[in-house]
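The lines below spell out each chain.
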Amino acid sequence: MNALLIKSVIFSEEPDTLETAENSGAVLVPDPDSENGYRVEEAPSTWKTLTEEEYVAESSSENAIENMGLSSKFPFLFALTASICLVYLLNRFLKSGAGRIKWLGNILLTAVFFALFQHHWWIRLPRSVYYLFPVLEVVLLLAVISLVSRKSFSKKIYIAVTFQAVFGLCEVLRSYGELFLERLGDCLGLASNVELFPLYSYMADPADAYPYASLNIRIYFDWEACLMLVLSCAVMILSVRKLARGGHRNMEEIPRSELYFLLTPAFAGIVYSVFTEVARLLLKNPVFVNWATWDSPAQSMTLYFMIPFLAAAFLMCILYAYIIYQKLITYMEEKQRAVILENQVEQMQGHIREIERLYTGIRSMRHDMQNYLFDIKSLLAARGIDVEEKGSELAGYFSGIGTSLDALNYSIHTGHPVTDVVLNGKAGRAKERGIRFNSEFRFPADYGIDAFDLSIILNNSLDNALEACEILLRQKPEAGTYIEVKSCCKGNMFLLEVENSCDGVLLEAESAAAPLTRKKDTARHGLGFQNILRCSEKYFGSAKYSCSGQMFHLTVMLQKAENNPAAG
């Protein structure tokens, strides 16, 4: 077995003495039969203890060679990637600032985080709290984040703890992945990187060569370190991007129970990274690893593989917990919107039924009033009173009544009182706002389509059209706005088209299933297209929209009810 040699160069003011010779060093030899797994043996007696002057004098005549890996030329890359990722995550979760000030603030914040990640300030900590540096780093991150943003404190805690976990796990992935690849190369019998991939060499400055006469630095391509550096940076970027996808949600605070759920895997990841940091010095020593794995190459390979594998598993747990949280929030929002949607539909149907009864009564009353007026005119004419005489007070009175009755008569007739009420009501609102309204809609009486479903489609589509025209008029009062409604029947399909003016700005969700509302209360607004889509799906149809320039076009397709059992 290999022996672990414990020996340091001893600088002494005195020549060799009995005491220094007796305590010059010791050897740890693995011994499975001993209580601690090893035994201590004396160091070889040939060692020589040098004074500092003797050591310098002996070295000053030598020409030294130092091999340096290419990855050591880019020690800042990992810390710089982490700093940029953290600033990006903050901008997604805590939106603040804009323009040039925002860019300057981001650059300054990146520099602060880079100094925090690059310079190992925690090395100066007392030994008693040395391995508490991740906790202190979380506190420092939280302090810096709190200085730049006063928004949601729960979000800031989540960002600080989660990013510290991601950073620590990526560092474990980088360092232990490099050890695994080195061990793999040894098992495969590959030559050293210095021999396989030499790049260039140069002579160091004489001041840097002390205590040697000269120092030749040879740069080689350490592919294991370079590969794991790039891979760990890529993993960090992908993890942050995954976390940042949900950062746009308009949530002021993360509820306490959800925050505990999100932080649990992050805390576990931080603890794991601390333990692997503690064990790194031992696991870098091949003698210790050989002893711990009983000189089995397969066991040592498994050990070096499992540590970065578990780091990747902790990262997946952090991301998966966040995905579950996002799905939970989406489900709750959809459930809330479904309840609101159902209430709106019920209220709308009740309102339309009331209007239908009122409309039917008005039409009956108008018909009766016209008959009453005709009878009154006939009675007055029989008594020799001319009610048609121009300029007479009685003629003006009858003319005013006739005008009022004509106002009760709708200008748009669709073939059904429900859709008559809807279209004439929207046409009246459009006329008040100076919006041209044209309707060529006809109710499909023979298609078995419920008038209330059609009224929901017309109500929501025309409300959206009126809102779009009003926005355009506020921006450009001179703009000529219009709304056009058309319908046609083709075979077993009923097509409804609504076209209107707009300002050309269309907000869409990530899934692009429906346009987003511009109103702040997204829970109670932005349900119009979902109402339309729900009604179209009831008839195995579809609803599609498009926006081109300052024109918005909506097409709704419904199947004939005899081919649609769900509509019955």
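Conventions used here
Residues numbered from 1 in each chain as written. Predicted model: local features only at pLDDT ≥ 70, side-chain atom pairs only at ≥ 80, totals over all residues. Heavy atoms only, no water. Helix = DSSP H or I, 4+ residues; strand = E, 2+ residues; numbered from the N terminus. Buried < 20%, exposed > 50% of the residue type's maximum accessible area, 1.4 Å probe, protein only. Contact = heavy atoms within 4.5 Å. Areas by Shrake-Rupley, 256 points an atom, 1.4 Å probe, with all protein chains shown as cover. Phe/Tyr/Trp six-rings, centres within 6.5 Å; stacked < 30°, edge-to-face > 60°. Lys NZ or Arg CZ within 6 Å of the ring centre and 35° of its normal. Polar contact = N/O pair within 3.5 Å; in protein donor to acceptor, adjacent residues only side chain to side chain. Pairing = 2+ DSSP bridges. Axes fitted to C-alpha atoms, helices over the stretch in contact; angles between N-to-C directions.

Trainee: Can you explain the overall build of the chain? Please cite residues and give values.
Mentor: Looking only at helices and strands, the chain has 16 helices and 11 strands in total. Put simply, the chain has 568 residues, and 40% of those count as buried. Contacts spanning at least 24 positions in sequence make up 71% of the contacts within the chain whose residues lie at least 6 apart. When the accessible surface of the chain is totalled, it reaches about 32900 Å², and 59% of it is carbon and sulfur.

Trainee: Describe the packing of aromatic side chains, with residues and values.
Mentor: Per the stated rule, a full pass over the model turns up 16 aromatic pairs. On the numbers, 6.2 Å between centres and 85° between planes, the contact of Phe441 with Phe494 is edge-to-face. On the criterion of sequence distance, the pair formed by Phe441 in the loop between strand S7 (436-440) and helix H15 (451-475) and Phe494 in strand S9 (residues 493-501) is long-range, its members being 53 residues apart. There is no split in this pair, since Phe441 and Phe494 are both buried. Positioned above the aromatic ring of Phe78 is the side chain of Arg174, whose terminal nitrogen or guanidinium carbon lies 4.9 Å from the ring centre. The ring centre of Tyr447 lies 5.2 Å from the NZ or CZ of Lys560, which sits over that ring.

Trainee: Which residues make up the side chain of Thr81, and what values do they have?
Mentor: With respect to the element layout, Thr81 can be found in helix H3 (residues 77-93). Each residue touching Thr81, except ones within four places of it in the same chain, is listed here: Cys233, Met236 and Ile237.

Trainee: Please provide a residue-by-residue account of the side chain of Asn460, values included.
Mentor: Among the structural elements, Asn460 can be located in helix H15. A polar side-chain atom of Asn460 sits 2.7 Å from the main-chain carbonyl oxygen of Ile456.

Trainee: Go over the sheet that holds strand S6 (residues 214-220), please, and point to the residues and values.
Mentor: A sheet is described by the order of its strands in space; here three strands give the open sequence S4-S6-S5, paired in mixed fashion. On the outer flanks of this sheet lie strand S4 (63-69) and strand S5 (198-203), each paired with one strand and no other. With strand direction ignored, the average angle separating the axes of adjacent strands in the sheet is 20°. Across five bridges, S5 lies against S6 in antiparallel orientation. Opposite Pro198, over in S6, you have Tyr220 as the bridge partner.

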